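# Residue-level structural notes
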Amino acid sequence: MTDKQFNAFLRFLIDDLKEVQEEVDTEKKNKRLEKILENLQNTLED
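For the structure given in this document, a descriptive report is provided here. Predicted model only: the values in this text are computed from it and were never measured.

### Topic: the overall build of the chain
- Across its full length, the chain carries two helices and zero strands.
- Overall size of the chain, expressed as C-alpha extent along the three principal axes, is 35 × 20 × 5 Å.
- Burial statistics for the chain: of 46 residues in total, 9% are counted as buried.
- Carbon and sulfur atoms form 53% of the exposed surface of the chain, whose accessible area is close to 4300 Å².
- Counting 8 positive and 12 negative side-chain charges, the chain places the centres of these two groups 5 Å from one another.

Set out below in structure tokens:
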């Protein structure tokens with residue numbers, strides 16, 4: 001992975017986390033966090 005690809009990955013992650021931070025519904029917030037964590041785990045396993 002190049003530096004630019006890694007930076008793009010981080011931008012997507014930061015954007016997703018900011019959206020979760022703004023979520024007021026606790027259940028939705030938890031589901032979104034679970035999805036982010038699942039995606040990160042899948043990325044590690046690839």
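### Some words on a nonpolar patch on the surface
- On the surface, a nonpolar cluster with roughly 410 Å² of combined accessible area is contributed by Met1, Phe6, Leu10 and Ile14.
- One can find Ile14 in helix H1 (residues 3-22).

### Comments concerning the pattern of salt bridges
- Across all of its chains, the model carries three salt bridges by this definition.
- Taking the shortest distance from any N to any O, the salt bridge between Glu23 and Arg32 comes out at 3.7 Å.
- The exposure class assigned to Glu23 is buried, which follows from its relative accessible area of 17%.
- With its nearest N and O atoms 3.6 Å apart, the salt bridge here joins Lys31 to Glu27. In this pair, Lys31 and Glu27 are both assigned in helix H2 (residues 26-45), four residues apart and thus about one turn of the helix distant.
- Under the relative-accessibility criterion, Lys31 is labelled exposed at 53%.
- Counted as one network, the salt bridges with shared partners bring together Glu19, Glu23 and Arg32.

The rules we used
- Residues numbered from 1 in each chain as written.
- Predicted model: local features only at pLDDT ≥ 70, side-chain atom pairs only at ≥ 80, totals over all residues.
- Heavy atoms only, no water.
- Helix = DSSP H or I, 4+ residues; strand = E, 2+ residues; numbered from the N terminus.
- Buried < 20%, exposed > 50% of the residue type's maximum accessible area, 1.4 Å probe, protein only.
- Areas by Shrake-Rupley, 256 points an atom, 1.4 Å probe, with all protein chains shown as cover.
- Lys, Arg positive; Asp, Glu negative; His and termini not counted.
- Charge placed at Lys NZ, Arg CZ, Asp CG, Glu CD.
- Patch = residues over 30% accessible without salt bridge, like charges linked within 9 Å, V, L, I, M, F, W, Y side chains within 5 Å.
- Salt bridge = Lys/Arg side-chain N within 4 Å of Asp/Glu carboxyl O.

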